[in-house]
Amino acid sequence: MTQTKGTGSYAEVNGLKMYYEIHGEGFPLALIHGGGSDIDVTFGRVLSSFAKKHKLIGVDLQAHGRTPDRGVPTSFEQDADDIAALLKHLDIKQADIMGFSNGGNTAMQVAIRHPDLVHKIVIASSFYRRDGFDSWFWDFMPNASLDNMPKPLQEAFLAINNDQAALEIMHNRDRDRMLAFQDWSDDVIRSITMPALVIAGDKDVIRPEHTLQLYRTLADAQLCILPGGHGDYIGEIEDIGRDGDYPAVAIIEEFLTKAKA
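Described in the following lines is the structure provided in the data block. (Residues numbered from 1 in each chain as written. Predicted model: local features only at pLDDT ≥ 70, side-chain atom pairs only at ≥ 80, totals over all residues. Heavy atoms only, no water.)

1. With respect to the overall build of the chain
Link 1 in the chain: A count of helices and strands for the chain gives 10 helices and 9 strands.
Link 2 in the chain: Principal axes of the C-alpha set define a box for the chain whose edges measure 50 × 45 × 35 Å.
Link 3 in the chain: The burial tally for the chain puts 54% of its 261 residues in the buried class.
Link 4 in the chain: In the chain, the share of contacts with a sequence separation of at least 24, taken over all contacts with a separation of at least 6, comes to 75%.
Link 5 in the chain: Surface exposure of the chain reaches about 11,400 Å², of which carbon and sulfur atoms provide 50%.
Link 6 in the chain: Of the side-chain charges in the chain, 25 are positive and 38 negative, and the distance between the mean point of each set is 4 Å. (Helix = DSSP H or I, 4+ residues; strand = E, 2+ residues; numbered from the N terminus. Buried < 20%, exposed > 50% of the residue type's maximum accessible area, 1.4 Å probe, protein only. Contact = heavy atoms within 4.5 Å. Areas by Shrake-Rupley, 256 points an atom, 1.4 Å probe, with all protein chains shown as cover. Lys, Arg positive; Asp, Glu negative; His and termini not counted. Charge placed at Lys NZ, Arg CZ, Asp CG, Glu CD.)

Have a look at this one:
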C-alpha cells in the first residue's frame, strides 16, 4: 500500500491499483460513486457529515478519478468484486454499502456476490432493468461522446488527472457498460436480503415507477422519494442548489444507525 497526500491510499486489488480514502471512525460505510465521477464528485459535499459517525471508505473505481484503467471493459460485477477485495485488504469483515447512480448498481452486485460483507445497503438513484430509464436515454446512448459529457464531470476528472486520453477512456468505459447492460431478474434482486434503503429524486433520471418497483422487489427495504433531480439530495457536483444541508443525509443516517426491530 502506497500512501498519498491526505487520507488517500492505493491498494492492489484484482490486478488494479485502486485509489481509496478513509474518513472518520465508527462502523464502516463504503461509498461508491456514479458513472463519470469520483469520490469527491458524488460525495464531496456530504463526506464530513457521514464521517461524524462512520468510518468512510470512498473509492475511485476502474478508470475513474485517480484509479487507472486495467485495459478491459468495466462491469458492475467486476466493480463489485474490486470493492469486496478492497474491504478484505483493509481487514473489514462487514460494512454498510452506499452507491449512487451506477454506484448503486455496483452496491447491489456487492450484496448479490458478497453478501457476507454487507450489513445494510443504500441504493441511490439506481436501476436494475433497462425500463428504469425513459426510452430517450437508450436512444441517446449509442451516440454519447465527450462532446455531450457534462462539463462539471470533465473538469473534475482533469483537475485530478490531467490526461485527456484517460478522460475519454473513462467516458467510453461507462458508455459501453450501459450499452451492454442486460436486465437483472426479480429473483436476483430478491436475493438481496439485508436491510436496504432505496432513495431517489422525484425528477430523477431513473423513473419513479422503477424506483418503486425496486423497493417492492427487495426482501427488506425502505423507500424515500425526495423533491429534486439526479443527486440533488446529496449535493452531487451537478446539483446547483444550496451547499450544506442536504435532506437525504439525516434520512440515510437514521436508516444506517437504527437497530433492526
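The discussion continues.
2. A few points about the pattern of salt bridges
Link 1 in the chain: For the structure on display, the rule yields 14 salt bridges.
Link 2 in the chain: Across the salt bridge formed by D60 and R66, the nearest N and O atoms sit 3.2 Å from each other.
Link 3 in the chain: A residue is classified by how much of its surface remains accessible, and D60, at 0% relative accessible area, is buried.
Link 4 in the chain: Its relative accessible area of 21% is what places R66 among the partly exposed residues.
Link 5 in the chain: The salt bridge partner of R173 is D69, with a shortest N-O separation of 2.7 Å. (Salt bridge = Lys/Arg side-chain N within 4 Å of Asp/Glu carboxyl O.)

3. Description of helix α10 (residues 247-257)
Link 1 in the chain: Listing the buried residues of α10 in full gives A248, V249, I252, E253, F255 and L256. The buried residues of α10 all sit within an arc of 165 degrees when viewed along its axis, so they share a single face. Exposed positions of α10 whose direction lies more than 90 degrees from the buried face are A250 and E254. (Arc of directions from axis to C-beta.)

4. Quick word on the packing of aromatic side chains
Link 1 in the chain: On inspection of all chains with the given rule, the structure shows 11 aromatic pairs.
Link 2 in the chain: Centroid distance F127 to F181: 4.8 Å. Interplanar angle 65 degrees. Geometry classified as edge-to-face. Note that F127 is positioned in the loop between β7 (118-124) and α5 (135-140) and F181 in the loop between α7 (164-180) and α8 (186-190), a separation of 54 residues in sequence.
Link 3 in the chain: You can call F181 buried: its relative accessible area is 5%.
Link 4 in the chain: On the basis of an interplanar angle of 70 degrees and a centroid distance of 6.0 Å, the ring pair of W136 and F137 is categorised as edge-to-face.
Link 5 in the chain: On the basis of relative accessibility, which here comes to 11%, the residue F137 falls in the buried class.
Link 6 in the chain: The side chain of K120 reaches across the aromatic face of F255, ending 5.2 Å from its centre.
Link 7 in the chain: Cation over ring: R130 sits above W138, and NZ or CZ is 3.8 Å from the ring centre. (Phe/Tyr/Trp six-rings, centres within 6.5 Å; stacked < 30°, edge-to-face > 60°. Lys NZ or Arg CZ within 6 Å of the ring centre and 35° of its normal.)

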